[in-house]
Amino acid sequence: MAGWYAARRPNMSSKVVIALALLAFTLVAAVPVALFVGVVMMLLGHVIGGLALFGGSILAATAAVVLASVTGVRHLRGVVRGMITEYDSTERNFAEHDSTEHDSQVFQLDRDDYTYIR
């Protein structure tokens, strides 16, 4: 049971993917605020500064989204690869055991666990 809980905890790679996703979400949410502040700056006479603020916020949000998606896809591939190799090794272990040895648990079902169609 301890192995199951250890497998459920996120490792460092998972934490990085989550942090990058949160950063990307925050930067995308900040784009409308940057647009509003840029328009206010342009109304006050700082046209170049307003355009730079809005363009910079779009570039930063785009870069964060791309980085988060690439990192997430890479992490997902690693997780799937690990699941496949774990499944293959379990299949090999079951094939190597005698038919009298079983690593699985058996559950006894009660009468309430069955459904009858009448």
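Every value quoted in this text rests on a predicted model; they were computed, and no experiment measured them.

### Observations concerning the overall build of the protein
On a plain count of helices and strands, the protein comes out with three helices and zero strands. Across the protein, helices and strands are ordered from the amino to the carboxyl terminus as α-α-α. Looking at the protein as a whole, 11% of its 118 residues qualify as buried. Considering only contacts in the protein between residues 6 or more positions apart, those separated by 24 or more positions represent 58%.

### Considering the confidence of the model for the protein
Taken over all residues, the pLDDT of the protein has a mean of 79, while the share at 70 or more is 68%. No element of the protein has a lower mean pLDDT than helix α1 (residues 2-8), at 52, and none a higher one than helix α2 (residues 12-43), at 92.

### Observations concerning α2
Taking 1.5 Å per residue as the helical rise, α2 with its 32 residues ought to reach 46 Å, and the 46 Å between its terminal C-alpha atoms agrees with that figure. The axis of α2 is deflected most strongly, by about 30°, at V31, and proline P32 appears within four residues downstream. Every buried residue belonging to α2 is among S14, V17, L20, A24, V31, A34 and G38, and all of these are buried. Where α2 ends, the next residue or the one after it, G45, has phi of about 105°, a positive value.

### Things to note about the side chain of S57
Within the element layout of this structure, S57 appears in helix α3 (residues 47-96). Those residues in contact with S57 that sit more than four places away from it in its chain are V31 and A34.

Conventions adopted
Residues numbered from 1 in each chain as written. Predicted model: local features only at pLDDT ≥ 70, side-chain atom pairs only at ≥ 80, totals over all residues. Heavy atoms only, no water. Helix = DSSP H or I, 4+ residues; strand = E, 2+ residues; numbered from the N terminus. Buried < 20%, exposed > 50% of the residue type's maximum accessible area, 1.4 Å probe, protein only. Contact = heavy atoms within 4.5 Å. pLDDT = per-residue confidence, 0-100. Expected span 1.5 Å × (residues − 1). Bend = angle between axes of the 7 residues up to and from the residue.

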